[in-house]
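Architecture at a glance
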Amino acid sequence: AAIHFDGHREAAKKRVQRLKAAGFIRETPHSLNEPALLSLTRKAFEELRRQGMLEGYPKMGWTAVEKRLRVSNATLAHELSVMEVKAAFHAAARTHPSVRVIEFSTWPELLEFDAFHSATRSRTTVKPDGFIRLEETKANQTKASFFFLEVDRSTEQLEIIIARILCYRNFYKCGGFALRFGKERESYKDFSFRVLVVCKSLIRCANLSAQLLKCNPPIRNFVWISKGIYDPSAACE
C-alpha cells in the first residue's frame, strides 16, 4: 500500500484479491490471528520472465525460486523488516515533493562486494540488506544521495555489526564504490555513501553509537542510525 498505492490500503487489498484470483500469488499457511504472507506462484514467475522483467537479476529457474521461498521464520522476519523500511522511505518521500526514491534494491546478490575484514584479517563478501538512491531537487539543482541499508533486529552481537561497518568503510576508501560508476579507485572521495542502520530499540541505537566512536579512527557521520518500528502498518521513526 505504501509503495504502490499512495498508502491506500483498500486499493492494495483489492489488487491482491485480483492477483490471487488470477493465480499469480498465493498465501502461505498461517494462523487466523496472524497477517497473511503472500508469495509468487510459478505462473507469476513465468509471466515475469516472459515479459523480460527478470533481466538484470541472477539467473535462476522456478525450482531455485521455489526453494528460496522456503526460508526460516527468522529469515522471513528479517526480510519483512527490510520491506517495512522500504515502505517507510516511499511514504516519507511523498511528504517531501523535492525528494524522490530513485532506487531501493533489496536483492543481496546484486549489491554484494568484497572488502577487508579487520577481525579475520582477510577479504570477505558483504551482502547489504538494501541499496537506496535518493534525488533531491532544490532551485533547479538535483543532488543524489546513496545509502547501503543494514537492518539490525538485535540477533547479532554488536561486534559483528561493527566489523561489517568497517568493511563498508574499507569498500569506500579503497574505491570500490567509485568503480561501480566506472571511475578510478583514486577518485573515491567523489563517490560517497552512508550506511543506514535501522535498529530495534533506542538502547541498541545508543550502544551501537558508543561502539562506533571507539573505533580507530572513530566512525561518526559515515553511519546514520535510526530506530525502526517493526510493524507493517507503521513507518520508521
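Structure first, text after, so check above.
Residues numbered from 1 in each chain as written. Predicted model: local features only at pLDDT ≥ 70, side-chain atom pairs only at ≥ 80, totals over all residues. Heavy atoms only, no water.

Once that is clear, we can look at the sheet that holds strand β8 (residues 194-199). Across the sheet, which stays open at both edges, the five strands sit in the order β3-β6-β7-β8-β9 with mixed pairing between neighbours. Only two strands of the sheet have a single partner each, and these edge strands are β3 (99-105) and β9 (223-227). The sheet shows a mean angle of 25° between the axes of neighbouring strands, direction not considered. Note: strand β7 (residues 141-151) against β8, five bridges, orientation parallel. Its bridge partner being in β8, phenylalanine 148 is matched across the sheet by valine 195. Along the sheet face, helix α4 (residues 73-94) touches β3, β6 (130-138), β7 and β8 and points at about 160° away from the line of β3. (Pairing = 2+ DSSP bridges. Helix = DSSP H or I, 4+ residues; strand = E, 2+ residues; numbered from the N terminus. Axes fitted to C-alpha atoms, helices over the stretch in contact; angles between N-to-C directions. Contact = heavy atoms within 4.5 Å.)

With that settled, the discussion passes to the pairing of β8. Of all six residues that make up β8, five are buried, and the element is covered over most of its length. In this structure, β8 lies alongside β9, joined through five bridges in parallel fashion. By the bridge assignment for β9, cysteine 199 is matched with lysine 227. For the crossover that starts at β8, traverses helix α8 (residues 202-213) and ends in the parallel β9, the hand is right-handed. (Buried < 20%, exposed > 50% of the residue type's maximum accessible area, 1.4 Å probe, protein only. Right-handed = clockwise from strand over helix to strand, strands pointing away.)

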